[in-house]
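Structural overview for review
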Amino acid sequence: MNHPARTPQQHVPGPLTFTLLRLLADGEFHSGERLAGQLGISRASVNNALRETDGYGLILHRVRGRGYRLPNPPQWLDAGRISEHLGAAQKHFRIEILDSAPSSNTLLLQRAALGAPSGSVLAVEWQSGGRGRMGRVWCSGLGNALTFSVLWRFERGLAALSGLSLAAGVALVRALRALGVEGIHLKWPNDLLGKRGKLAGILVEAQGDMLGPSAVVIGIGLNLSLPGPMLRQIGQPAASLADMTDAVPDRNRLLAVILRELHAVLNEFSRHGFAALRAEWESCHGARGWRVQLLLPGGGKVAGIARGVTADGSLELETAQGMREFHAGEISLRSGGEQECC
Ligand code: ATP
């Protein structure tokens, strides 16, 4: 997705910072002098490049006489390792990892327009200015999240793609369950929730004609851990895999498992549309039976009880005027009022 990650006090890490952080990936102390010697730069340059590390969500120990150490070094993404975890499914994907980019969705949409193939994946270690829905911001730090986009091409036109963000949610749930993570719910239309709050967000952006063919970029931001300062920036309750499982999966394996499930779900969606995934989505519907308020893009509000979703992914809301349907992508759902049942 568009992981809109950056906050005003954070700086975008440059290539030298990434090189140094990778040299510190063993979690051991490295002296500034040695690092400087390895890279043919001054100790001051090393110091400068590592100055903002805290702002990237990393802890860096600086100890006089010993040097620098990352006690919890990030697990760096590696296209080769992701492909190994994908096994036979790797033929469906073309994976690229970038250290930083403003927004993986924006970049992949540009590449889609230039003819990038279906299955192109762009994963970004650090997003400096992605987008959530309606211009909202997504926060993530180095190594503590997955932020990536996948391009998928459909023979069908845009008109037949409603429900796609819900379908992507089903793929994420399948992947996390396969890795032993329980207690996940889906929030219409595009979020995954853990017990403490929002665990992942999905942003679907499309190109093409109403009648086809079409190209869709699916952006996903998933929290692996949430350092305190980041949690405070988010502005709503948030969850991470670290508070849901004792064994947070390796990032490369996690991405591979998500891609595999996305491949399966998108094929199902291509053949049968969201209707084939509807029951599965509803089985994870976190707000089913809740009194909710829908915030309409124009600023209006509709209150009602969230029921199921339709075959095209619209939310069924029981209102004082009767059952009404709201289309994905047009409306935000926020809990409001009392829970009727769960
Ligand atoms: P909402 O969840 O408020 O209905 P949305 O689903 O329409 O929003 P998204 O684009 O999915 O919006 O996500 C953006 C929102 O998610 C931000 O406004 C912020 O509150 C929240 N957020 C940002 N970063 C994170 C994160 N790492 N984890 C959880 N939530 C986040």
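Reading the values: rules and limits
Residues numbered from 1 in each chain as written. Predicted model: local features only at pLDDT ≥ 70, side-chain atom pairs only at ≥ 80, totals over all residues. Heavy atoms only, no water. Helix = DSSP H or I, 4+ residues; strand = E, 2+ residues; numbered from the N terminus. Rg over C-alpha atoms; globule rule 2.2 N^0.38 Å. Buried < 20%, exposed > 50% of the residue type's maximum accessible area, 1.4 Å probe, protein only. Areas by Shrake-Rupley, 256 points an atom, 1.4 Å probe, with all protein chains shown as cover. Lys, Arg positive; Asp, Glu negative; His and termini not counted. Charge placed at Lys NZ, Arg CZ, Asp CG, Glu CD. Core = buried A, V, L, I, M, F, W, Y, C linked by side-chain atoms within 4.5 Å. Domains from an automatic or database assignment. Contact = heavy atoms within 4.5 Å. Pairing = 2+ DSSP bridges. Axes fitted to C-alpha atoms, helices over the stretch in contact; angles between N-to-C directions. Buried area = accessible area lost by both parts, 1.4 Å probe. Salt bridge = Lys/Arg side-chain N within 4 Å of Asp/Glu carboxyl O. Parallel < 35°, antiparallel > 145°, perpendicular 65-115°, else oblique. Left-handed = near helix turned anticlockwise from the far one by under 90°. Nonpolar A, V, L, I, M, F, W, Y, C, P; charged D, E, K, R; others polar.

1. Re the overall build of the protein
- A tally of helices and strands in the protein yields nine helices and 14 strands.
- Taken over the C-alpha trace, the protein has a radius of gyration of 21 Å; the compact-globule value for 342 residues is 20 Å, and the two agree within 12%.
- For the protein, the C-alpha atoms occupy an extent of roughly 70 × 45 × 35 Å along the three principal directions.
- Out of the 342 residues in the protein, the part that is buried amounts to 51%.
- Counting every atom, the protein has about 15000 Å² of accessible surface; 49% of that belongs to carbon and sulfur.
- Side-chain charges of the protein comprise 36 positive and 29 negative groups, with the mean position of each set lying 4 Å from the other.

2. Digging into the nonpolar core
- Leu-192, Leu-222, Ile-258 and Leu-259 are the most contacted members of the largest nonpolar core, which has 63 residues in total.
- Taken domain by domain, this core gets at least three of its residues from each of domain 2 (79-282) and domain 3 (290-339).
- Not counting residues within four places of it along the chain, the set of residues in contact with Ile-258 comprises Leu-146, Phe-148, Leu-172, Ala-175, Ile-220 and Leu-222.
- Listed in part, the 17 residues of the second largest apolar core include Leu-24, Leu-35, Leu-50 and Leu-60.

3. Some points on the sheet that holds strand β6 (residues 185-187)
- Strand order in the open sheet formed by seven strands is β3-β4-β5-β9-β8-β7-β6, with mixed pairing between adjacent strands. The open sheet is flanked by β3 (94-101) and β6, the only strands paired with a single partner. Strand after strand, the sheet turns through a mean of 20° between neighbouring axes, direction not considered.
- Here β3 pairs with strand β4 (residues 120-127) via seven bridges, running parallel. Looking at β4, one finds that Ile-97 is bridged to Ala-123.
- Strands in contact with helix α5 (residues 104-113) are β3, β4, β5 (145-154), β8 (197-208) and β9 (214-223); relative to β5, the strand with the most contacts, it is inclined by about 25°.

4. Here's the deal with the pairing of strand β11 (residues 301-309)
- Sheet analysis places strand β10 (residues 290-295) next to β11, joined by five bridges and oriented antiparallel. Note that in β11 the partner of Leu-295 across the bridge is Lys-301.
- Taken together, β10 and the strand that follows it, β11, pair antiparallel across an intervening segment of five residues, in which Gly-299 is found at a positive phi of about 105°.
- Two elements, β11 and strand β12 (residues 315-319), share three bridges in a ladder whose sense is antiparallel. When the sheet's bridge partners are listed, Ile-305 is paired in β12 with Glu-318.
- Between β11 and β12, which follow one another and run antiparallel, lie five residues, and Gly-313 among them has a positive phi close to 90°.

5. What about the domain arrangement of the protein?
- Its domain assignment divides the protein into domain 1 (15-69), domain 2 (79-282) and domain 3 (290-339).
- A straight line from the C-alpha centre of domain 1 to that of domain 2 covers 32 Å.
- Taken together, the contact pairs seven residues of domain 1 with eight residues of domain 2.
- Taken together, both faces of the contact between domain 1 and domain 2 bury some 590 Å²; the carbon and sulfur share is 66%.
- There are one salt bridge connecting domain 1 and domain 2.

6. Notes on the packing of helix α4 (residues 79-86) against helix α8 (residues 251-272)
- Contact pair α4 / α8: the axes reach a minimum separation of 8 Å and the direction vectors enclose 50°. It follows that α4 is oblique to α8 by the angle criterion. The element α4 and its partner α8 pack so that their crossing is right-handed. Where α4 abuts α8, its residues Arg-81, Ile-82, His-85 and Leu-86 lie against Asn-252, Arg-253, Leu-255, Ala-256, Leu-259 and Arg-260.
- A class-by-class count of the residues in the contact of α4 with α8 yields five nonpolar, two polar and three charged.

7. Brief notes about the side chain of Glu-261
- You can see Glu-261 is positioned in helix α8.
- Non-local contacts of Glu-261, meaning those with residues more than four positions away in its chain, are made with Ala-171, Arg-174 and Ala-175.

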